[in-house]
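Residues per chain, in single letters:
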Amino acid sequence: MLIEQIDVAQIKCRVLSILPSPVSYIFPSSLTFQTHTLKREREREMSISYRERGRWPIVAVVLVLWCLSERVESSHVVYRELQSVSPAIISPILRTGYHFQPPMHWINDPNGPLYYKGFYHLFYQYNPYGAVWGNIVWAHSVSTDLINWIALEPAIYPSKPFDNFGCWSGSATILPGNKPAIFYTGIIDDKQTQVQNVAYPKNLSDPYLREWIKPDYNPIIAPGEGVNGTAFRDPTTAWFGPDGHWRTVVGSKINLKGKVLLYRSKDFKKWTQARKPLHSTKGTGMLECPDFYPVSVKNTVGLDFSYNGKDAKHVLKASLDLNRYEFYTIGTYDREKDIYTPDGTSADNKYGLRYDYGNFYASKTFFDPVKQRRILWGWANESDIADADKEKGWAGIQLIPRTIWLNPSGKQLLQWPVEELNSLRGRQVSVSGKTVKSGECFEVTGIMSAQADVEVTFDVSSLDKAEPFDPKYINDAQALCAIKGADVKGGVGPFGLYVLATSELLEKTAVFFRVFKAENNKHMVLMCTDPTSSSLAPFLYKPTFAGFVDVDLTKNSKISLRTLIDHSVVESFGAGGKTCISSRVYPTAAQGEKAKLFLFNNGGCDIKVSQLMAWEMKKPLMNGA
């Protein structure tokens, strides 16, 4: 039974699908196995007219049960009848041109990214039989540049007692001797009991790492006493300590207290749970897909997971299953006590810092030894309905990989698309010294902007007309953007870009800044993606996404924006990567050559465009599509 988010008397409560029984499937290797029909998919946050659907009695019961209990351990939408429905035709309309996608079907979490013998490897959760979640395997692709990808056979699929009901997310670790190992969560029964397993390459001389062996001594980590076995998943990359022990962490929870459980091993085979978790935090619920890694306090160079120097901070990131977004903290790792303590410069909960304030989930980083950098992968789900995914034959993308490093302030991370993306830049246009007057909209022509990379720097010469900031929005930039969208006139802003727009602006996605005046003569800079007018199609989920940008426009009046436009995805990087927002959109008219790009200013004062450069993006090799 599918239960979606509902709106009853304006009281919203997330309600989840009720677990169906497991189902048997046949995979390419002719192995018959069972995989549970439930895993993470971003909820369809819709308000549904249950009166029309005749579901009021069921909804009332389920609403009460969900609001009063915590029995369901993960929030996923299950379309059992669609899990093995392969499309007759793959629709190219709105399919991305340069983002990571397989030729068809469903994808979700990026898993185990690594570099090995000349190739970057990306594994990811994949349904080989349909465009909704189900039948999940670890699909596998390789690249020499993180941009052009070759698809290989799935690396891991359910086949053993320790993963017969599912092979869920995990990570990769490079062991001494340049030997990769994969940690992943196995599902062992129809109750969703979760264990952690390891797999090794069958042939280390194969740079493609085509085949993987799952030792019979799995599972290497099982839920012990006091551990919630149905909320125990997503082992992270292991690190080696100065005491000669390996360590890894696994996400978990007890009621609403999120936990990152720590395990140690001498031989990477037998693991022991530490007496205390690496970290825990109240009120978050399940901490999925944890990631824990060091960052340099001196420069932008990436550090290996096992780096042991004093010139580093640590980052702990978690994906919030309860809210369906991520947050991270920066802090100190005590190697003797095996305890992580956040610095306290940001909230250690859902109000904390995020990699991305939009459609971005289940992220994973890895250390690139070639260019000495840390690279971040993140997944963006579709925002249309499951039937639309079935019709078009595909669902989900991986966002452009990003280089990530610590801001010199030490208070947040910075992100930027990997430099290899620039190799796709083609025809270019530029605008400089253009003043966009109050209420003006200026079209940028000369490229096919449905598949483009745009960099622009705005100069905010005066802050006198900045609107007063309401402090009740200090922890909810998204709500502020929802009432102060792109079409709402302001003082300083909104100003920015209309992308994937029609000539008449009947369809448009706005990416913009808006400046507010706060107490003590300080200013709050809001960055927002507003897709509420992105499509004329009905039944779409079109939320605004927003975050505040840590800049002081009184000291430097310029603020930059980079936006990657790719047919149905808009990725934006504000102020050199301080605030990032990704959004999925589905224009019906602003497609291909008909998609337009505009500069706009709906504020009360003029804004100067110091420089705009935009490139039409070429299509890379993408998994044979």
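Computed from a predicted structure; not experimentally measured. (Residues numbered from 1 in each chain as written. Predicted model: local features only at pLDDT ≥ 70, side-chain atom pairs only at ≥ 80, totals over all residues. Heavy atoms only, no water.)

A. Fine view of the state of the cysteines. Per the counting criterion, the structure on display carries 1 disulfide. Across the disulfide from C481 sits C528; the S-S distance is 1.5 Å. Taken together, the residues span a long stretch of sequence, with C481 in helix α4 (residues 477-483) and C528 in strand β35 (residues 523-530) at a distance of 47 residues. Each of the two residues, C481 as well as C528, counts as buried. (Disulfide = S-S within 2.5 Å. Helix = DSSP H or I, 4+ residues; strand = E, 2+ residues; numbered from the N terminus. Buried < 20%, exposed > 50% of the residue type's maximum accessible area, 1.4 Å probe, protein only.)

B. Geometry of the sheet that holds strand β21 (residues 325-334). Spatial strand order, β19-β20-β21-β22: 4 strands in an open sheet with antiparallel pairing. Bordering the open sheet on either side are β19 (287-296) and β22 (339-342), each of which pairs with just one other strand. With direction set aside, neighbouring strand axes in the sheet form an average angle of 40°. Where β19 and strand β20 (residues 312-320) come together, 8 bridges link them in antiparallel fashion. Along β20, the bridge assignment pairs Y293 with V315. (Pairing = 2+ DSSP bridges. Axes fitted to C-alpha atoms, helices over the stretch in contact; angles between N-to-C directions.)

C. Structural view of the pattern of salt bridges. Summed over all chains, the structure comprises 35 salt bridges. Ionic pairing is found between R233 and D321, a salt bridge with its closest N-O pair at 3.8 Å. Residue R233 is located in strand β13 (residues 232-233), and its partner D321 is located in the loop between β20 and β21; the two are separated by 88 residues in the primary sequence. Taking the relative accessible area as the measure of exposure, D321 reaches 4% and is therefore buried. Of the charged contacts in the structure, one is a salt bridge between E455 and R562, with a shortest N-O distance of 3.9 Å. Of this pair, E455 sits in strand β31 (residues 451-459) while R562 sits in strand β37 (residues 558-566), placing them 107 residues apart in sequence. Relative accessible area serves as the criterion here: at 22%, E455 is assigned to the partly exposed category. (Salt bridge = Lys/Arg side-chain N within 4 Å of Asp/Glu carboxyl O.)

D. Structural context of the pairing of strand β33 (residues 492-501). Within β33, 10 of the 10 residues are buried, which leaves the element mostly enclosed by the surrounding structure. Relative to strand β34 (residues 509-517), β33 runs antiparallel, the two sharing 6 bridges. In the sheet register, Y498 faces β34, and the bridge partner there is A510. Of the pairings in the sheet, the one linking β33 to strand β40 (residues 596-601) comprises 5 bridges and is antiparallel in character. Pairing of Y498 across the sheet is with F598, part of β40.

E. Structural detail: the pairing of strand β39 (residues 579-584). Summarising burial for β39: 6 of the 6 residues are buried, a large majority. Judged by which residues are buried, β39 turns out to be covered on both faces: T579, I581 and S583 on one side and C580, S582 and R584 on the other are all buried. Relative to β39, strand β38 (residues 569-574) runs antiparallel, the two sharing 6 bridges. Bridging across to β39, V570 finds its partner in S583. Connecting β38 to the next strand, β39, in antiparallel fashion are 4 residues, including A575 with a positive phi near 55°.

F. Seen up close, the nonpolar core. Membership of the largest hydrophobic core comes to 76 residues, with the highest contact counts inside it found for Y355, L413, F458, L497, F513, L599 and L612. Non-local contacts of F458, meaning those with residues more than four positions away in its chain, are made with F495, G496, F513, S557, K558, I559, L561, L599, I607, K608 and V609. By size, the runner-up hydrophobic cluster in this structure holds 24 residues, among which are I107, Y126, L146 and M617. (Core = buried A, V, L, I, M, F, W, Y, C linked by side-chain atoms within 4.5 Å. Contact = heavy atoms within 4.5 Å.)

G. A look at the sheet that holds strand β6 (residues 119-127). The sheet built from 5 strands is open, its strands ordered β8-β7-β6-β5-β25 with mixed pairing. Each edge of the sheet is formed by a strand with only one pairing partner; in this case those strands are β8 (150-156) and β25 (394-395). Two elements, strand β7 (residues 137-143) and β8, share 4 bridges in a ladder whose sense is antiparallel. Its bridge partner being in β8, V142 is matched across the sheet by I150.

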